[in-house]
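# Architecture at a glance
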Amino acid sequence: MGEYISVIVDLPVKQVNKEFTYHVPEEWQDSVHLGRKVIVPFGNQKKDGYVIAKKDKAEVETKDILEVADDIVYFNQELLQVAQWMAEYYQCYLITAIKAVIPSGDLKIKTKRVVELAQSKSATKQKINELKNRAPKQAEVLRYLVDHKADLITTELANKVDTSSGTIRRLADRGLVIYEKKEVKRDPYQNLDFDESNNLDLTSEQEQALNSIMEAVNNNQSQTFLLKGVTGSGKTEVYLQAIDQVLEQGQGAIVLVPEISLTPQTITRFKGRFQEQVAVLHSQLSSGERFDEWRRIKNGEAKIVIGARSAIFAPLSDLGLIIIDEEHETTYKQDDHPKYHAREVAIYRAGLKQAATVLGTATPSLEAYYRTQNEDYQLLELHNRIDDRPMPEVEVVDMREELNRGNRTMFSELLQEEITTRLEEEEQAIVFLNRRGFSTFVQCRKCGYVMRCEDCDVSLTYHSNPPLLHCHYCDHKEKVPDNCPECGSKYIKYFGVGTQKVEEQLNELFPEANIKRMDVDTTRKKGAYRRILSDFKEHKIDILVGTQMVAKGHDFPNVTLVGVVTADTALNFPDFRSSERTFQLLTQVAGRTGRGDKGGEVVVQSYTPEHYSIQLAKEHDYKSFYEQEIASREATSYPPFSKLINFLVSAEDEDKVIKNAHKLGELVRGKIEILENNEIQVLGPVQAPLSKLQGKFRWQLIIKGQELDLLREISDYAVTELRDMSISENVKVSVDVDPLRM
Ligand code: ADP
Ligand code: ZN
Ligand code: ZN
């Protein structure tokens, strides 16, 4: 029985995507089972593979496995199911999904050789007397080992008694001590102090939220909750107390936070409440540290896991609760295969274990809030901040009027005045600019009109050579008009401001201020990011100019002003989610101010200040924003009213990319014709918004429809056909199901 196994062999992609049967020779039969890594013959090579099942017989002739690779059990049935679900849902190879689920890198257990007594204490004491005069240092070492519960390596022990390691070796030769290998856990947080914290008395809203969550946990319902509440409304306290109760029932919990908010403060809060029961997983740890944390989780030492996206795969055995904080963050979607969204994986995994899932945020993604409306998720709301601190005052400045008044700098009079006041008061300011623009749009500075694609409802992108406007969804192209189609002015031009330019102008306007820039360029060096933040916190910097990096989770009590140079770059990003992103971004940026006792103010500059994303962010009115935005999604049938698959074709050779993208388009359209479906739309192929990355040209193609299964069928067909064609050699075609940025 069980002489055969099904193995997923670790092959480079573009090869086969199926399991292979191998025979297990007698000597390995006890150690080979689900989740083990084996070495197998494949063709005339040796390959790694993972066991996904045992079998009694083989349908075909089989080869023997060569050996078992190590003594790690990489996954159990539950995590295998998660990997299989991801491979199917996100259309990737099972081996790719398995490798996302298991630990990677250096998977060695770290050991050290510690010195221990070879004989009993009383026998040793006798030896000490014998050696005292002849070899006093040796006697001292023995005395030390008798008196201390020592767990020291040779050199440390030698230091303690002020001798050399030779002394200890001689004791070993005499058979009085032995060296023993002991495992050591690499703990990245061992030097940190965690202030103990206890459960607070909950407010009635918190209490209600907690009760709803616990009801689901206690009844083993795989219910998803959306916990909506502004920063400081007490969401984390609800998480902590829910986890506390989950632990009492002997179950465990996973807490996901965006990588960037995995700050020592966050970790301290969880460690302070639950101490060693908390394991931390994120990409800043060494692979050894991550492996040790992984093993602590696997063997049940740690029952709470806090980590970034991939911590959703933590090998927790009895999962009761999953928490995803800042649910709307795009970093929960992985850019590489498997292109999974942690929220969807979480909900699938929770379903397997009848666990509850809590999504927390102040600005829910449209998808998540939509699901509360059709009662897929249960909405829980915290309406007020704990200390009743008011929300920051948001001023929206109309930049069209600044132009009329002859102000040609990128800073409105109001923003300049506010900065001046902050400098006088010795308070600090953040000047925020949306990510470094790789895309430029065309806008009229007199009336705010932006050139958009009429079919796709996204802004057109300016290309200089030849000077044309492109739609990055459907490939519509048009000339840049000389005059504004709306008001006829000649102030219509392309728009693009970089952080560097902002920094320069600020330096000119405020020569006495200490100004620092934080963006991709200035934070490339290791530690630079944390250094800028700590300098800012210590007020070595008056004005911090930055991109998204400054928008997240930091707590600066002395910051009383945030200036948003232009809300328009976010608003006119060529993506149907640009309004949603703008609302989230403005809300989040506003949250960076007024965290101390001094209150705070936000100045948002825009050429389209009347836009609902801006106006409703100013009012802190998510509900109205949602209603407007969801109506527009419905009208244009974008998600959540449709499903999307995005194909990205990339290669070093631009001609090949274009040829393949067009071929893919033909295949997709051909398949749709065969299916006789007239509901599915095909957009493109077109140059991707990010048209060249790391030396590779990029084109994209989008399909949009009601039924994901149908879209997948089309995608499967087209990609497989294309991969079999000679033109696709050295070309990468990558499929993104539910794309988040496009
Ligand atoms: P959020 O996660 O929504 O930002 P937190 O849970 O961090 O909110 O709460 C904000 C602050 O209020 C924290 O300092 C927290 O300790 C405190 N807090 C939360 N709940 C209570 C409560 N019920 N009573 C008193 N203080 C609370
Ligand atoms: Zn105009
Ligand atoms: Zn278009």
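Residues numbered from 1 in each chain as written. Chains lettered and ligands numbered in written order. Predicted model: local features only at pLDDT ≥ 70, side-chain atom pairs only at ≥ 80, totals over all residues.

Helix and strand content of the chain: 22 helices and 30 strands. In terms of overall dimensions, the chain has C-alpha extents of about 105 × 75 × 50 Å along its principal axes. For the chain, the proportion of its 742 residues judged to be buried stands at 43%. Expressed as a percentage of contacts within the chain between residues at least 6 apart in sequence, the contacts between residues at least 24 apart total 73%. (Helix = DSSP H or I, 4+ residues; strand = E, 2+ residues; numbered from the N terminus. Buried ≥ 20, exposed ≤ 12 C-beta atoms within 10 Å, placed from the backbone. Contact = placed C-beta atoms within 7 Å.)

The subject of this paragraph is the site of ligand 1. Taken together, 14 residues lie near ligand 1, and Gly234, Lys235, Thr236, Glu237 and Ile386 sit nearest. Per element, the largest residue contribution to the shell around ligand 1 is 3 residues, and it comes from helix H8 (residues 235-248). (Near = placed C-beta within 6 Å.)

The next point concerns helix H2 (residues 94-101). By the criterion of burial, H2 is predominantly enclosed, with 6 of the 8 residues buried. Along H2, the positions that sit buried rather than exposed are Leu94, Ile95, Ala97, Ile98, Ala100 and Val101. Against the buried residues of H2 lie strand E1 (4-9), strand E4 (45-55) and helix H1 (77-89).

On to the sheet that holds strand E27 (residues 643-651). Spatially, E28-E29-E27-E30 is the arrangement adopted by the 4 strands of the open sheet, whose pairing is antiparallel. At either margin of the open sheet sits one strand with a lone partner, and together these are strand E28 (681-693) and strand E30 (732-737). Put simply, the sheet's adjacent strands are angled 20° from each other on average, direction ignored. Here E27 pairs with E30 via 6 bridges, running antiparallel. Residue phenylalanine 647 lies in a different strand from E30, and its bridge partner there is valine 735. Along the sheet, helix H21 (residues 654-674) makes contact with E27, E28, strand E29 (696-705) and E30, crossing E29 at roughly 15°. (Pairing = 2+ DSSP bridges. Axes fitted to C-alpha atoms, helices over the stretch in contact; angles between N-to-C directions.)

This part is about the packing of helix H7 (residues 204-218) against H8. Two elements in contact, H7 and H8, have axes whose closest approach is 10 Å; the angle formed by their N-to-C orientations is 35°. Both H7 and H8 take part in a crossing whose hand is right-handed. For the pair formed by H7 and H8, the contact residues are Gln206, Ala209, Leu210, Ile213, Met214 and Val217 on the first element and Glu237, Val238, Gln241, Ala242, Gln245 and Val246 on the second. (Left-handed = near helix turned anticlockwise from the far one by under 90°.)

For the rest of this paragraph, the subject is the pairing of strand E9 (residues 224-229). With respect to burial, E9 is a largely interior element, 6 of its 6 residues being buried. Here 5 bridges tie E9 to strand E14 (residues 356-361), and the two strands are oriented parallel to one another. Considered in E14, the bridge of leucine 226 is made with leucine 359. As paired elements, E9 and strand E15 (residues 377-382) share 6 bridges and run parallel to each other. Paired with threonine 224 across the bridge in E15 is tyrosine 377.

The next thing to look at is the UniProt feature "binding site: Zn(2+) 1" (unreviewed entry) in the chain. This chain's UniProt record puts "binding site: Zn(2+) 1" (unreviewed entry) on Cys444, Cys447, Cys484 and Cys487. Taking the farthest pair of C-alpha atoms as the criterion, the annotated set spanning 44 residues converges on one region, since that pair is 8.6 Å apart. In this structure, cysteine 444 sits in strand E18 (residues 441-444). Not counting residues within four places of it along the chain, the set of residues in contact with cysteine 444 comprises Tyr449, Cys484, Glu486, Cys487, Ser489, Tyr491 and Ile492. Here cysteine 447 lies in the loop between E18 and strand E19 (461-463). With 17 C-beta atoms counted inside 10 Å, the residue cysteine 447 sits in the partly exposed group. Once you skip the residues sitting within four places of it in the chain, cysteine 447 turns out to touch Arg400, Cys484, Glu486, Cys487 and Ser489. (UniProt positions renumbered as here; feature names shortened; annotations may be inferred.)

Turning to the packing of helix H3 (residues 121-134) against helix H4 (residues 136-147), a few remarks are in order. Contact pair H3 / H4: the axes reach a minimum separation of 8 Å and the direction vectors enclose 155°. If you check the angle between H3 and H4, you find them roughly antiparallel. The crossing of H3 and H4 is left-handed. Counting all contacts with H3, which are made through Lys121, Thr124, Lys125, Lys127, Ile128, Leu131 and Lys132, the residues of H4 involved are Pro136, Gln138, Ala139, Leu142, Arg143 and Val146. For the contact of H3 with H4, the class distribution of residues is 6 nonpolar, 2 polar and 5 charged. (Parallel < 35°, antiparallel > 145°, perpendicular 65-115°, else oblique. Nonpolar A, V, L, I, M, F, W, Y, C, P; charged D, E, K, R; others polar.)

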